[in-house]
Amino acid sequence: MSALKNDTFLRALQRLPTDYTPLWLMRQAGRYLPEYNATRARAGDFLTLCKTPDLATEVTLQPLARYPLDAAILFSDILTVPDAMGLGLYFAQGEGPRFERPLRDEWEIRDLSAPDPTDKLGYVMDAVRSIRRALDGSVPLIGFSGSPYTLACYMVEGGGSDDYRHIKTMLYSRPDLLHRILEVNTRAVIDYLNAQIEAGAQAVMIFDSWGGSLTPHAYKEFSLDYMERIVAALIKERDGRRVPSIIFTKGGGNWLEAMAGIGADAVGLDWTVDIGEARRRIGDQVALQGNLDPSALHGTPDSIRAEAHRIIDSYGNHPGHVFNLGHGISQFTNPDNVSVLAEAVHSRSRAVRAAPVSA
């Protein structure tokens, strides 16, 4: 593997000084890019795109060819893990991901086991290795997984949900069964992320997309405690360099202190949190990632710049900020607006870094 030419993202995650604020975008390889849509059409369907390493490499690199981003993220899906457990993942037209065999019966839950990531998920590791070769040290590669609770939501609900009826019924009526699913998922995520690190991922992120639907007590018991176990078991160093970890709970702004206390290097913020206030609350413990409202990219160039400047200025001249969106980029985003954002983030943050340290 080539030496890393741009390590700004990794340095920021370790709260080391950087010349500017690094930028990457959740879902940066996606349907807002015409070149992505062309590759996806060539693949035939989304799962084939995910499971074909050459195509996954191609779409991972597409946003980096357009924009001066500071990190690449593996093109995959959080639901590859439960798919490898045999739940039958498919994508229904207009409905998003679904499982043919959601977990509803006790015997199915008792029989659940974590997959071998080098076997049933070997195509993901092949993609990681392929992407690292293609990046040639230009920027770091991020690996990722869903959190145990978010994966459990999909596995029990059978797909997306508005009311989380099945998973919350299990949580309150049979918490033992939900804990059984979470135990298996935790083992699976540890093995999966460590396999990605062994294959070449230089940082890893845990997406807890549905954890914000829980009560504070339930969040700790059914989501955060399991993410803490994962972070503790991750490979911390590879090829002589630290492998940082990021956790992100959408809707988790009330629990920032608890999230910062589990040992991850960084906490991702959604757009409902003021990043300056978050830094004052927890910024001495961890780096912060975020947190532009993805809908801001539907605005004018001037409004996009203003929002980016506001976030950069709110964080201030302090180490440990990775600029990102507060959730995934919308498929309806004008690609030119991402260029505006990248220029605004890099130029404004360079100016802020050159100023005296703020309070």
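The structure under discussion appears in the preceding block.
Residues numbered from 1 in each chain as written. Predicted model: local features only at pLDDT ≥ 70, side-chain atom pairs only at ≥ 80, totals over all residues. Heavy atoms only, no water.

### A short note on the overall build of the chain
Then, number 1: A count of helices and strands for the chain gives 15 helices and 11 strands.
Then, number 2: The C-alpha atoms of the chain give 19 Å as radius of gyration, which agrees with the globular expectation for 359 residues (21 Å, within 12%).
Then, number 3: With respect to the principal axes defined by its C-alpha atoms, the chain has extents near 60 × 45 × 40 Å.
Then, number 4: For the chain, the residues scored as buried account for 59% of the 359 residues in total.
Then, number 5: Within the chain, contacts between residues separated by at least 24 positions form 73% of all contacts whose residues are at least 6 apart in sequence.
Then, number 6: Of the roughly 14,000 Å² that the chain leaves accessible, carbon and sulfur atoms contribute 48%. (Helix = DSSP H or I, 4+ residues; strand = E, 2+ residues; numbered from the N terminus. Rg over C-alpha atoms; globule rule 2.2 N^0.38 Å. Buried < 20%, exposed > 50% of the residue type's maximum accessible area, 1.4 Å probe, protein only. Contact = heavy atoms within 4.5 Å. Areas by Shrake-Rupley, 256 points an atom, 1.4 Å probe, with all protein chains shown as cover.)

### A short note on the nonpolar core
Then, number 1: Ranked by size, the top nonpolar core spans 129 residues in total, and within it Phe9, Ile247 and Leu341 carry the most contacts.
Then, number 2: With 13 residues, the top contributor of residues to this core is helix H10 (residues 175-199).
Then, number 3: If we ignore the near neighbours within four places in the chain, the residues touching Leu341 are Leu25, Leu292, Leu297, Ile304, Ala308, Phe323 and Leu325. (Core = buried A, V, L, I, M, F, W, Y, C linked by side-chain atoms within 4.5 Å.)

### Regarding the sheet that holds strand S1 (residues 72-73)
Then, number 1: Here we have 7 strands laid out as an open sheet, ordered S1-S4-S5-S8-S9-S10-S11, and parallel in their pairing. Bordering the open sheet on either side are S1 and strand S11 (321-322), each of which pairs with just one other strand.
Then, number 2: Taken together, the 2 bridges between S1 and strand S4 (residues 141-146) define a ladder with parallel strand orientation. What sits directly across from Ile73, in S4, is Ile142.
Then, number 3: Running over the sheet, H10 touches S4 and strand S5 (203-208) and is turned about 170° from S4. (Pairing = 2+ DSSP bridges. Axes fitted to C-alpha atoms, helices over the stretch in contact; angles between N-to-C directions.)

### Brief notes about the packing of helix H2 (residues 34-43) against helix H4 (residues 53-66)
Then, number 1: Where H2 contacts H4, the axes come no closer than 9 Å and their chain directions differ by 170°. Between H2 and H4, the crossing angle belongs to the class labelled roughly antiparallel. Contacts between H2 and H4 involve Pro34, Glu35, Tyr36, Thr39, Arg42 and Ala43 from the former and Leu55, Glu58, Val59, Gln62 and Arg66 from the latter. (Parallel < 35°, antiparallel > 145°, perpendicular 65-115°, else oblique.)

### A closer look at the pattern of salt bridges
Then, number 1: Following the criterion strictly, the structure yields 21 salt bridges and no others.
Then, number 2: Between Arg174 and Asp176 there is a salt bridge whose closest N-O contact spans 2.8 Å.
Then, number 3: For the salt bridge of Arg187 with Asp191, the shortest nitrogen-to-oxygen distance reads 2.9 Å. Placement of the pair is Arg187 and Asp191 together in helix H10, with a separation of 4 residues, close to one helical turn.
Then, number 4: Using a relative accessible area of 42% as the deciding quantity, one classes Arg187 as partly exposed.
Then, number 5: The exposure class assigned to Asp191 is partly exposed, which follows from its relative accessible area of 26%. (Salt bridge = Lys/Arg side-chain N within 4 Å of Asp/Glu carboxyl O.)

### A closer look at H2
Then, number 1: Residues of H2 that are buried include every one of Tyr36, Thr39 and Ala43, and no others. Axial view of H2: buried residues confined to an arc of 65°, hence all on one face. Turned more than 90 degrees away from the buried face of H2 sit Ala41 and Arg42, all of them exposed.
Then, number 2: Where H2 terminates, the next one or two residues include Gly44, which has phi positive at roughly 100°. (Arc of directions from axis to C-beta.)

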